[in-house]
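# Observations on the three-dimensional arrangement
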Amino acid sequence: MPPLSPTSREICLLAALFVGLLYFSATFPRHKGAVTDLLRPSPHVVEQDLDSLPLTLETQYTLQSLNPPLRWGLGQVPETKTVAHVPGWTIFDRLYVLNGTIYIVSDTPEEVPDRRYMISTGVFIENGPEAEARRVPTDKEMRVISTEEAHHMFGMEAERLDGVTWLANDPKQFITHYYHWSAELFFGFWRTYSSLDPTIPPTGETTLPAPRRFIFSHIDAANWRDYAAMNQWVLRSAFPSISTEFMDDWKERAALGRVFVLDRVVLADRAAAMNGEMFLRTQRTAANAFSLPGSVNWWTTIRNNVVGFSTLGEDTGAMSVGGVPTRPVITYISRQGWNRRMLIQEDHERLVQQLYRLRDTYGYEVNIVEMDKLTRAEQFRLAARTTIMMGVHGNGLTALLWMRPTPRSTVMEFFYPGGFAHDYEYTTRALGMVHYGFWGDRYFTRPDVPPVAYPEGFQGNSIPIDGALVAELCHERLTLSEEADD
């Protein structure tokens, strides 16, 4: 029997079926890719202005991929950009980390700052040549490599840590102290980062995105808080959404054997900052950061967040427009209950009498407080209203960070005669306020400040102070400010 041949009608039907299959296969959506492809917006959505879409969970979150890696494939590895740098404080874009080592990818290594001014080994800071040698960074801490080397080492992609990261390469040595945390580490981080927005207005508003994470590569989760629990208050009130990572997290990422790239990172290193000229002048690591551009209102952003968090929903007393007290507020932070670095008791009592006489004569508000007797919220609220703050050199004066800088704003610090430290003097000036140091019956201010000295008696309980002289200077400062305002 001869083989059957298809009829003309059957050939037409098969052709029509084939064309139909081609059509539907071309228009049917393909969802055979990765889960990230399903969550990635269509080209039509990408081309739209997302700000014009309704604000929903979908437009905020699902119209983006799940943090895809930075891929360069067979092409050149994207180079690291040094956005800003002073000793101890550096901002990078696209900083790479592999096996716990930081990599700067650059084909122009001569333009990269000396790594001694960016990072150290992260060991405790001690005096002497041998201790200094132990802090000098090696290839274990940081390397500068070419794009060709990076391609050989990294492969074709890197896992992204998106957004802004603050990376502190310091040991716990100073971090667990309220002053060193808030007035050095945090102070320097924000001064460095805020240099990217040198037009911050008096309201403190900024275009800078908040940092997403704070990484401590040399301390564990139990060793960043201070005994008074102020460090965590400052961090959580300044940046409520920030996450923290510690030494174990750093080691975990290193153990993965994968390369990570930080979109933007502010790197801080105390030992590296100690090589800076401004540190050598002031002994303040944050001082180097003030060589960068910046707004005079740079700290207002942080102050507003911290103080606002502390005063939320509560009456802070009579305030005028702008949050400035309607009458001057004098706050004396006493250390008489500390048994270390205290005034002579009789001098303390005479100082209190003189301050109350100012209150009764001129109507100033006078507060005599021991900070450890106040709640944290009370400490921030009081500092925010204070016009003149005074006390013996000590941690309580860290509260000056939350004062509002005005022509009247003043800090008066009592030292044992012959002693001096830059801590609160420099911080006061950095915020645009006036600082006076006292040695009993005399006082001094910039530029006529003495050299740093810690004589016998500096830490003792026999520090003299002339209460009448303090009160006289208080009235002079407040009167001069009133005349200047007029």
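Report on the accompanying structure. (Residues numbered from 1 in each chain as written. Predicted model: local features only at pLDDT ≥ 70, side-chain atom pairs only at ≥ 80, totals over all residues. Heavy atoms only, no water.)

## A few points about the pattern of salt bridges
Using the criterion set out here, one finds 23 salt bridges in the structure. Glu159 is the salt-bridge partner of Arg258, the closest N and O atoms lying 2.8 Å from each other. Note that Arg258 is positioned in the loop between helix H10 (247-255) and strand S9 (260-268) and Glu159 in strand S6 (residues 157-168), a separation of 99 residues in sequence. Look at Glu159 and you get partly exposed, because its relative accessible area is 22%. Arg359 serves as the salt-bridge partner of Asp360, at 3.0 Å between the closest nitrogen and oxygen. Residue Asp360 is classed as exposed on the basis of its relative accessible area of 57%. (Salt bridge = Lys/Arg side-chain N within 4 Å of Asp/Glu carboxyl O. Helix = DSSP H or I, 4+ residues; strand = E, 2+ residues; numbered from the N terminus. Buried < 20%, exposed > 50% of the residue type's maximum accessible area, 1.4 Å probe, protein only.)

## Description of the packing of helix H9 (residues 230-238) against helix H13 (residues 300-311)
One can describe the packing of H9 onto H13 by two numbers: an axis separation of 8 Å at closest approach and a directional angle of 105 degrees. Between H9 and H13, the crossing angle belongs to the class labelled roughly perpendicular. Between H9 and H13, the residues in contact are Trp233, Val234, Ser237 and Ala238 and Ile302, Asn305, Val306, Phe309 and Ser310, respectively. A class-by-class count of the residues in the contact of H9 with H13 yields six nonpolar, three polar and no charged. (Axes fitted to C-alpha atoms, helices over the stretch in contact; angles between N-to-C directions. Parallel < 35°, antiparallel > 145°, perpendicular 65-115°, else oblique. Contact = heavy atoms within 4.5 Å. Nonpolar A, V, L, I, M, F, W, Y, C, P; charged D, E, K, R; others polar.)

## Here's the deal with the nonpolar core
Residues Trp166, Trp181, Leu185, Phe186, Phe214, Trp299 and Trp402 are the most contacted members of the largest nonpolar core, which totals 64 residues. No other element matches helix H8 (residues 178-193), which puts 10 residues into this core. Residue contacts for Trp402: discarding those within four places in its chain leaves Tyr178, Val234, Trp299, Ile302, Arg303, Val306, Val307, Phe380, Ala383 and Ala384. Listed in part, the 24 residues of the second largest apolar core include Val352, Leu355, Ile465 and Leu469. (Core = buried A, V, L, I, M, F, W, Y, C linked by side-chain atoms within 4.5 Å.)

## Topic: the side chain of Thr428
Within the fold, Thr428 resides in helix H16 (residues 423-430). In this structure the side chain of Thr428 is engaged in a polar contact, spanning 2.6 Å, whose partner is the backbone oxygen of Tyr424. (Polar contact = N/O pair within 3.5 Å; in protein donor to acceptor, adjacent residues only side chain to side chain.)

## Considering the pairing of strand S2 (residues 81-86)
Both S2 and strand S3 (residues 89-98) contribute to a ladder of five bridges, which runs antiparallel. Of the residues in S3, the one forming a bridge with Thr82 is Phe92. Between S2 and S3, which pair antiparallel one after the other, the connecting turn spans two residues, and Gly88 there sits at a positive phi close to 90 degrees. (Pairing = 2+ DSSP bridges.)

## Things to note about unusual backbone geometry
The residue after Arg446, namely Pro447, is reached through a cis peptide bond having omega 15 degrees. Within the fold, Pro447 resides in the loop between strand S15 (442-444) and helix H17 (467-485). In the Ramachandran plot, Asn99 falls in the positive-phi region, its phi being about 55 degrees despite a non-glycine side chain. Topologically, Asn99 is positioned in the loop between S3 and strand S4 (101-105). Positive phi is not limited to glycine here, since Arg341 has a value of about 55 degrees. Among the secondary structure elements, Arg341 is positioned in the loop between strand S10 (329-333) and helix H14 (345-362). Take Arg341: its relative accessible area is 9%, and that puts it in the buried class.

## A closer look at the packing of aromatic side chains
Under the criterion given, the structure shown has 42 aromatic pairs. Their ring planes at 85 degrees and their centres at 5.7 Å tell us that Tyr103 and Phe154 sit as a pair that is edge-to-face. Of the two residues, Tyr103 sits in strand S4 while Phe154 sits in helix H6 (residues 147-154), which places them 51 residues apart along the sequence. Here Tyr103 matches Phe154 in class, with each residue buried. Ring plane angle 80 degrees and centroid distance 6.4 Å describe the contact between Trp166 and Tyr193, whose orientation is recorded as edge-to-face. Residue Trp166 is located in strand S6, and its partner Tyr193 is located in helix H8; the two are separated by 27 residues in the primary sequence. Exposure remark for Tyr193: the relative accessible area of 1% places this residue in the buried category. Connected via pairs of aromatic rings, a cluster forms that spans Trp89, Trp166, Trp181, Phe186, Phe189, Trp190, Tyr193, Phe214, Phe216, Trp224, Phe239 and Phe246. (Phe/Tyr/Trp six-rings, centres within 6.5 Å; stacked < 30°, edge-to-face > 60°.)

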